[in-house]
Amino acid sequence: MKSLLIKDTTVDERMAIVKESLNFGDGECEGVDMDDMYDDYIFGRRELADINREFSQAHAGEVTPSRTAEPSGCGMGR
């Protein structure tokens, strides 16, 4: 597997990684615009791991059992 680090990818490759590999479907994840969320990665300012860690910390505990049974479009396969 090719490295996903900014130093090993181009802007176009990072855009493809966000759109295809992370597979966010329509780009909406319960009110979070995933395109905007990953702009810092796409434009080489912050690594994916840092963005994902920050998002996880900010939203920890927000998922409830009743919400997990309903697909949200976030990270869902095609």
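The model shown is predicted, which means the values in this text are computed figures rather than measured ones.

Draft legend 1. Expanded view of the nonpolar core. Residues I6, I17, V18, M37, Y38, Y41, I42, L48 and I51 constitute the largest nonpolar core, which totals 9 residues. Those elements that provide at least two residues to this core are α1 (11-21), α3 (39-42) and α4 (48-59).

Draft legend 2. Summary view of the environment of L48. In this fold, L48 is placed in helix α4. Among the residues examined, L48 registers a relative accessible area of 9% and is labelled buried. A C-alpha to C-alpha distance of 7.9 Å links L48 and L4, two positions 44 residues apart in sequence.

Draft legend 3. Geometry of a nonpolar patch on the surface. There is a patch of nonpolar side chains on the surface, built from V11, M15 and F43 and spanning about 250 Å² of accessible area. Relative to the helices and strands, M15 is located in helix α1.

Draft legend 4. How the structure looks around the confidence of the model for the protein chain. The share of residues in the protein chain with pLDDT of 70 or more is 60%, and the mean pLDDT across the chain is 77. Taking the mean pLDDT of every element in the protein chain, the minimum, 54, falls on helix α5 (residues 65-68) and the maximum, 94, on α3.

Draft legend 5. Geometry of the environment of T9. Along the polypeptide, T9 turns up in the segment before α1. In the structure, T9 is positioned 33 residues away from I42 in sequence and 9.5 Å away in space, judged by C-alpha atoms. Other than its neighbours up to four places away in sequence, T9 contacts K2, S3, L4, R14, I17 and Y41. Of note is the side chain of T9, whose polar atom sits 3.0 Å from the backbone oxygen of L5.

What counts and what doesn't
- Residues numbered from 1 in each chain as written.
- Predicted model: local features only at pLDDT ≥ 70, side-chain atom pairs only at ≥ 80, totals over all residues.
- Heavy atoms only, no water.
- Core = buried A, V, L, I, M, F, W, Y, C linked by side-chain atoms within 4.5 Å.
- Buried < 20%, exposed > 50% of the residue type's maximum accessible area, 1.4 Å probe, protein only.
- Helix = DSSP H or I, 4+ residues; strand = E, 2+ residues; numbered from the N terminus.
- Patch = residues over 30% accessible without salt bridge, like charges linked within 9 Å, V, L, I, M, F, W, Y side chains within 5 Å.
- Areas by Shrake-Rupley, 256 points an atom, 1.4 Å probe, with all protein chains shown as cover.
- Salt bridge = Lys/Arg side-chain N within 4 Å of Asp/Glu carboxyl O.
- pLDDT = per-residue confidence, 0-100.
- Contact = heavy atoms within 4.5 Å.
- Polar contact = N/O pair within 3.5 Å; in protein donor to acceptor, adjacent residues only side chain to side chain.

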